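Descriptive structure summary
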Amino acid sequence: MQPPVEFSRPVDLRALPRQQVDLVANKTERAALARRFDIVSIDALKATATVEETDRGVEVSGTITAILVQSCAISAEDFPVRIASDYRLRFVPEDEYEAAMQAAGDEVELAAEDLDTIAYSGSTLDLGEAIAQTLALEIDPFAEGPGADAARAEYGLSTPEDSGPFAALKALQTKKS
């Protein structure tokens with residue numbers, strides 16, 4: 001049994017919408033998604049979707065806009081984040097998806113025209129869940145808020161530039177000078 005979907009917007013493949021679809025998450029859905037994504041809150045989530053049946057599956061494109069509150073990975077202070085992103089997805093029947101994944105093997109190389117592919121079963125696909133998954137990919141799990149530099153200084157933490165893979169090379173170059 002699959003867990004409940006927080007933001008479900010099913011679309012019947014036998015009656016695909018011919019015009020743009022607008023999806024807006026309500027307060028309860030946004031709160032459930034925030035828990036799922038382990039962020040403070042989602043204050044707004046809206047998406048548009050244009051649905052088109054093609055010979056390769058059902059293609060969906062549109063935009064996602066969201067206003068989130070995340071905790072800074074350095075200072076733990078909450079700060080607002082705005083997300084605005086275009087997306088393109090392809091829905092394919094589950095059996096075709098599984099066959100394509102097995103044929104691809106362990107390593108998949110994507111070209112610029114390749115779309116994120118989502119499997120579906122039956123005659124319904126869930127646009128809301130696809131939007132939720134796409135939003136999850138847009139959220140920076142190590143986001144730094146405006147107080148990150150001050151917290152680093154206060155607690156003696158190094159910056160990524162000071163401790164990254166090129167920090168040792170920089171130190172060697174400084175010694176030679």
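Everything below is about the structure shown above.
Residues numbered from 1 in each chain as written. Predicted model: local features only at pLDDT ≥ 70, side-chain atom pairs only at ≥ 80, totals over all residues. Heavy atoms only, no water.

**Some details on the overall build of the chain**
Note the following rule: Only runs of H or I of at least four residues qualify as helices and only runs of E of at least two qualify as strands under DSSP, and these elements are numbered from the N terminus. Classification of residues uses two cut-offs on accessible area relative to the type maximum, computed with a 1.4 Å probe and protein chains only: under 20% is buried, over 50% is exposed, and between them is partly exposed. Per-residue and other accessible areas follow the Shrake-Rupley method at a 1.4 Å probe size, with only the shown protein chains counted as cover for residues.
Secondary structure summary: the chain contains 6 helices and 7 strands in total. For the chain, the proportion of its 177 residues judged to be buried stands at 34%. Surface summary for the chain: the accessible area is close to 11900 Å², and the carbon and sulfur share equals 51%.

**Let's talk about the packing of helix α1 (residues 27-37) against helix α3 (residues 127-138)**
The line we're drawing: Between N-to-C directions, angles cover 0 to 180 degrees, with each direction set by a line fitted to C-alpha atoms, over the stretch in contact for helices. Under this scheme an angle from 65 to 115 degrees is roughly perpendicular, one under 35 degrees roughly parallel, and one over 145 degrees roughly antiparallel; angles in between are oblique. Handedness of a crossing is defined here by the sense of rotation of the near helix relative to the far one, left-handed for an anticlockwise turn of less than a right angle and right-handed for a clockwise turn. Any two residues whose heavy atoms approach within 4.5 Å at even a single point are treated as in contact. As a working rule, the residues Ala, Val, Leu, Ile, Met, Phe, Trp, Tyr, Cys and Pro are called nonpolar, Asp, Glu, Lys and Arg charged, and the rest polar, with Gly in that last group.
Relative to each other, α1 and α3 sit at 45 degrees, their axes nearing to 11 Å. It follows that α1 is oblique to α3 by the angle criterion. Crossing of α1 against α3: the hand is right-handed. Between α1, through Leu-33, Arg-36 and Phe-37, and α3, the contact on the second element is made entirely by Glu-129, Ala-132, Gln-133, Leu-135 and Ala-136. For the contact of α1 with α3, the class distribution of residues is 5 nonpolar, 1 polar and 2 charged.

**Some words on the pattern of salt bridges**
Under the convention used in this document: By convention in these notes, a salt bridge is any Lys or Arg side-chain nitrogen within 4 Å of a carboxyl oxygen on Asp or Glu.
Enumeration according to the criterion identifies 8 salt bridges in this entry. The salt bridge partner of Arg-36 is Glu-129, with a shortest N-O separation of 2.8 Å. Residue Arg-36 is located in helix α1, and its partner Glu-129 is located in helix α3; the two are separated by 93 residues in the primary sequence. Residue Arg-152 is joined to Glu-144 by a salt bridge in which the shortest nitrogen-to-oxygen separation is 2.6 Å. Judged by its relative accessible area of 5%, Arg-152 is buried.

**Some thoughts on the side chain of Ser-41**
We apply this condition: Under this definition, polar contacts are N or O atom pairs within 3.5 Å; protein pairs additionally need one hydrogen-donor-capable and one acceptor-capable atom, and for neighbouring residues in sequence, both atoms have to be side-chain atoms.
By the secondary structure assignment, Ser-41 is in strand β3 (residues 41-54). Side-chain polar atoms of Ser-41 contact the side chain of Asp-43, separated by 3.1 Å. Beyond its immediate sequence surroundings of up to four residues, Ser-41 is in contact with Ala-34, Leu-68 and Val-69.

**What about the sheet that holds strand β5 (residues 78-93)?**
Under the convention used in this document: One requirement defines pairing of two strands: DSSP has to find at least two bridges between them.
Read across the open sheet, the 5 strands follow the order β2-β3-β4-β5-β6; overall the sheet is mixed. The sheet is open, and its two edges are formed by β2 (21-24) and β6 (116-120), each paired on a single side. Averaged over neighbouring strand pairs, the angle between their axes works out to 30 degrees when direction is ignored. Of the strand pairs in this sheet, β3 and strand β4 (residues 57-71) are connected by 11 bridges, and their pairing is antiparallel. Counterpart to Thr-50 in the pairing with β4 is Ser-61. Contacting β2 and β3, α1 runs over the sheet at an angle of about 95 degrees to β3.

**Digging into the nonpolar core**
Going by this rule: By convention a nonpolar core is built from buried Ala, Val, Leu, Ile, Met, Phe, Trp, Tyr and Cys residues, the set being connected through side-chain atoms within 4.5 Å.
Membership of the largest hydrophobic core comes to 38 residues, with the highest contact counts inside it found for Ile-42, Leu-45, Phe-91, Leu-127 and Leu-135. Taken together, the elements giving at least two residues each to this core come down to α1, β3, β4, β5, β6 and α3. Per-element accounting of this core gives the leading share, 6 residues, to β5.

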